[in-house]
Amino acid sequence: NETVRSNVLAYNLGTGQLVTSWAPSLNAQGMAIAASADGLTIFVAGDFTSVSGVGRNRFVALDASTGAVRSGFTAGLNGRARALAVRGTTVYVGGNFTTAGSSSRTRLAAYSTATGALLPWAPAANSEIWALTAPSGSNKVVVGGRFTTLAGASNYGLGAVTGDTGAPLGFAANSVIRNAGPNAAITNLSSDTSQV
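For clarity, every value in this text was computed on a predicted model and none was experimentally measured.

*Asks:* Explanation requested: the pairing of strand S5 (residues 59-63) in the structure shown.
*Replies:* Two faces, one strand: in a regular strand the side chains alternate between the faces of the sheet. Along S5, five of the five residues are buried, which leaves the element largely enclosed by surrounding structure. Side chains Phe 59, Ala 61 and Asp 63 of S5 all project onto a buried face; the interleaved residues Val 60 and Leu 62 project onto the opposite face, where all are buried too. Summarising the sheet, strand S2 (residues 41-46) and S5 pair through five bridges and their orientation is antiparallel. In the sheet register, Ala 45 faces S5, and the bridge partner there is Phe 59.

Shown next as structure tokens:
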């Protein structure tokens with residue numbers, strides 16, 4: 001009594017029933033999912049290189065109603081993406097990539113949610129990003145992962161940067177939380193603004 005789905009699916013929050021009309025197919029795992037602020041687009045990040053037969057490298061925008069790949073949103077990354085955060089008209093992506101399209105981006109990138117254009121935001125991390133949150137009402141992006149430096153500043157697995165320029169921000173929690181390196185990482189961040 002199972003229904004075939006390939007690495008992503010949707011179900012009704014009220015009933016728990018599978019949404020049978022939404023069935024995009026990823027050729028490898030999806031690792032993060034987020035909706036645009038207007039609810040019309042679903043962003044998925046992961047290890048995939050194809051979505052429903054359309055070439056999309058590790059990051060895709062899908063129609064929230066039909067699951068169709070958004071044709072104008074052709075963002076591509078050269079390595080795994082495992083974290084997403086949306087605030088307003090920007091979607092932030094984190095992972096283990098070093099290029100976004102043909103531009104250098106070291107594990108963090110940002111795109112316009114409307115056009116898919118790569119934005120100039122380009123803080124760098126020296127190891128993989130596992131988690132992102134972009135609290136509404138702030139100009140902050142909080143980043144978690146395996147890194148020990150973020151945007152040129154010492155940040156041990158957890159840090160914050162500005163959402164517009166990517167400049168490092170002081171973040172008191174990383175003076176207490178020391179979880180980074182090849183065998184440890186910050187892997188989840190609350191999107192609840194009272195928690196960051």
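After that view, the rundown keeps rolling.
*Asks:* What should I look at first to understand the sheet that holds strand S15 (residues 158-162) in this one?
*Replies:* Strand pairing in a sheet relies on backbone hydrogen bonds, with the paired strands running either antiparallel or parallel. Here we have four strands laid out as an open sheet, ordered S11-S12-S15-S16, and antiparallel in their pairing. Because the sheet does not close on itself, it has two edges, and the strands there are strand S11 (129-133) and strand S16 (168-169).

*Asks:* Explain the side chain of Thr 113 here, please?
*Replies:* Considering the arrangement of structural elements, one finds Thr 113 in the loop between strand S10 (108-112) and S11. Ignoring anything within four residues of it in the chain, the contact list for Thr 113 reads Phe 43, Phe 73, Val 86, Gly 88, Thr 89, Thr 90 and Val 91.

*Asks:* It is not clear to me how the nonpolar core should be interpreted in this structure. Could you clarify?
*Replies:* Within soluble globular proteins, side chains that are nonpolar tend to cluster in buried spots. By size, the foremost hydrophobic cluster in this structure holds 17 residues, and its most contacted members are Phe 59, Phe 73, Leu 77, Leu 84, Val 93 and Tyr 111. Once residues within four sequence positions are removed from consideration, Phe 73 is found in contact with Phe 43, Arg 56, Phe 59, Ala 61, Val 91, Tyr 111, Ser 112, Thr 113, Thr 115 and Gly 116. Tyr 92, Leu 108, Ala 110 and Val 161 belong to the second-largest nonpolar core, a separate cluster that totals 15 residues.

*Asks:* Explain the packing of aromatic side chains here, please?
*Replies:* Think of a pair of aromatic rings as described by two things: how far the centres are apart, and how the planes are tilted against each other in angle. Within this structure, the stated rule accounts for six aromatic pairs. Considering the side-chain rings of Phe 59 and Phe 73, the 5.6 Å spacing of their centres and the 75 degrees angle between planes classify their relative orientation as edge-to-face. Of this pair, Phe 59 sits in strand S5 while Phe 73 sits in the loop between S5 and strand S6 (81-87); the two residues are 14 residues apart in sequence, bridging distant segments of the chain. Like Phe 73, Phe 59 is buried. With 5.2 Å between their ring centres and 40 degrees between their planes, Phe 59 and Tyr 111 make a pair best called tilted.

*Asks:* What exactly am I supposed to notice about the pairing of S15 here?
*Replies:* Judged by how many residues are buried, S15 sits mostly within the fold: five of five residues are covered. Every second residue of S15 is oriented toward a common face, with Leu 158, Ala 160 and Thr 162 on one face and Gly 159 and Val 161 on the other, all of them buried. Bridge count for strand S12 (residues 140-145) against S15 is five bridges, and the pairing is antiparallel. Within the sheet, the bridge partner assigned to Val 143 lies in S15 and is Gly 159. Judged from the two bridges that link them, S15 and S16 form a sheet pairing that is antiparallel. Bridge pairing in S16 places Ala 160 opposite Leu 169. A loop of five residues connects S15 with S16, the two strands running antiparallel in sequence, and Gly 166 in this loop sits at a positive phi of about 80 degrees.

Rules and cut-offs
Residues numbered from 1 in each chain as written. Predicted model: local features only at pLDDT ≥ 70, side-chain atom pairs only at ≥ 80, totals over all residues. Heavy atoms only, no water. Buried < 20%, exposed > 50% of the residue type's maximum accessible area, 1.4 Å probe, protein only. Helix = DSSP H or I, 4+ residues; strand = E, 2+ residues; numbered from the N terminus. Pairing = 2+ DSSP bridges. Contact = heavy atoms within 4.5 Å. Core = buried A, V, L, I, M, F, W, Y, C linked by side-chain atoms within 4.5 Å. Phe/Tyr/Trp six-rings, centres within 6.5 Å; stacked < 30°, edge-to-face > 60°.

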